[in-house]
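Residue-level listing of the chains:
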Amino acid sequence: MPCNRHKIHFLRELIPSFECEPGCHDCCGPVTTSSEEMARLPRKSQAEQDAALEHLNCVHLGPNGCTVYEERPMICRLFGTTPRLACPRGRGPAQPIDPGAEQLVHQFIATTRQVLV
């Protein structure tokens, strides 16, 4: 896990950030993430997970948006930074993610055990 922790930190640094529209959660939904990233998030009860999934929401979506924004998984960070995961409201960084960096993120996701958020 320490090796993946370093990879996660490195890859997060490659993903450009931008300001989401306050209160928007158009790109929030059930996603998968590595067990290492999931371990950084608050645990939710099975009832909370079931309720979120029933509405196709992320269990960490609150009334004002993402409740774990600073620790959100890499897949969530990618939304809006690449044409493949475009923001439905047209938001995004001044410079999209470098295609090589995006490929590294997707390779990490593909090679780690994923769990449902």
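Since the structure is predicted, the reported quantities are computational estimates derived from the model, not experimental observations.

> Whenever I open this one, the overall build of the protein confuses me. Can you help?
If you tally the helices and strands in the protein, you get five helices and four strands. Compactness check: the protein gives a C-alpha radius of gyration of 14 Å against a globular reference of 13 Å for 117 residues, within 12% of the reference. Judged by the C-alpha coordinates and their principal axes, the protein covers about 40 × 35 × 20 Å. Going through the 117 residues of the protein one by one, you find that 34% of them count as buried. In the protein, the proportion of contacts linking residues at least 24 apart, taken out of those at least 6 apart, comes to 77%. Carbon and sulfur atoms provide 54% of the accessible area of the protein, an area that totals close to 7400 Å². Computing the positive centroid from 12 side-chain charges and the negative centroid from 13, the protein places the two 4 Å apart.

> I tried to follow a nonpolar patch on the surface on my own but got confused; where do I start?
A cluster of nonpolar side chains, contributed by F10, L14 and L104, occupies part of the molecular surface with about 250 Å² of accessible area. With respect to the secondary-structure elements, L104 resides in helix α5 (residues 99-111).

> How should I be thinking about the side chain of T33 in this particular structure?
Take T33: it is sitting in strand β1 (residues 32-34). At a separation of 2.9 Å, a polar atom in the side chain of T33 contacts the side chain of E37. Look past the residues within four positions of T33 in its chain and what remains in contact with it is M38, P73, R113, Q114, V115 and V117.

> Can you walk me through the environment of R12 in this structure?
Here R12 shows up in helix α1 (residues 2-14). Spatially, the C-alpha atoms of R12 and I75 are 10.0 Å apart, while their sequence positions differ by 63 residues. Leave out the neighbours within four places in its chain, and R12 touches E37, R40, E70, E71, R72, P73, M74 and R77. Reaching out from R12, the side chain makes a polar contact with the backbone oxygen of E71 at a distance of 3.2 Å.

> What is the right way to read α5 from this model?
Since the α-helix advances by 3.6 residues per turn, residues separated by three or four positions end up pointing in the same direction. When the terminal C-alpha atoms of α5 are compared, their 18 Å separation across 13 residues agrees well with the 18 Å that a helix rising 1.5 Å per residue should span. Within the sequence span of α5, burial applies to A101, E102, V105, F108 and I109. The buried residues of α5 occupy an angular sector of 120° when projected down its axis, which confines them to one face. Across from the buried face of α5, at angles greater than 90 degrees, the exposed residues are P99, A110 and T111. By the N-cap criterion, in which a side-chain oxygen at the helix start approaches the backbone nitrogen of a residue two or three places on, α5 is capped by D98, the distance to G100 being 2.9 Å.

Calculation notes
- One numbering rule holds for all chains: residues counted from 1, following each sequence as written.
- Selection of residues for local features in this predicted model requires a pLDDT of at least 70, selection of side-chain atom pairs for listing and counting requires 80 or more, and totals for whole chains, interfaces and linings are taken over all residues.
- Just so you know, side-chain values use all the structure's heavy atoms and leave hydrogens and water out.
- Working definition: helices are DSSP H or I runs of at least four residues, strands are E runs of at least two. Numbering for both runs from the N terminus.
- For a compact globule the rule gives 2.2 Å times the number of residues to the power 0.38, and the radius of gyration it is set against comes from C-alpha atoms.
- To sort residues, take the accessible area from a 1.4 Å probe on protein chains only and compare it with the maximum for the residue type: under 20% means buried, over 50% means exposed, and anything in between is partly exposed.
- Throughout, a contact is declared for two residues whenever any of their heavy atoms are within 4.5 Å.
- All accessible-area figures derive from a Shrake-Rupley calculation using a 1.4 Å probe, and residue coverage is judged against the displayed protein chains alone.
- Charge counting follows a simple rule: Lys and Arg are positive, Asp and Glu are negative, and His as well as the terminal groups are ignored.
- Where a charge lies is defined by one atom per residue type: Lys uses NZ, Arg uses CZ, Asp uses CG and Glu uses CD.
- Patch criteria: residues need more than 30% relative accessible area and no salt bridge. Like-charged residues are merged within 9 Å; nonpolar side chains of Val, Leu, Ile, Met, Phe, Trp and Tyr are merged within 5 Å.
- A pair is scored as a salt bridge if a Lys or Arg side-chain nitrogen falls within 4 Å of a carboxyl oxygen belonging to Asp or Glu.
- Definition of a polar contact: a pair of N or O atoms within 3.5 Å, with one able to donate and the other able to accept a hydrogen when the atoms are protein atoms, and with sequence-neighbouring residues admitted only if both atoms are side-chain atoms.
- One fewer than the residue count of a helix, multiplied by 1.5 Å, yields its expected span.
- The directions considered for the arc are those from the helix axis to the C-beta atoms.

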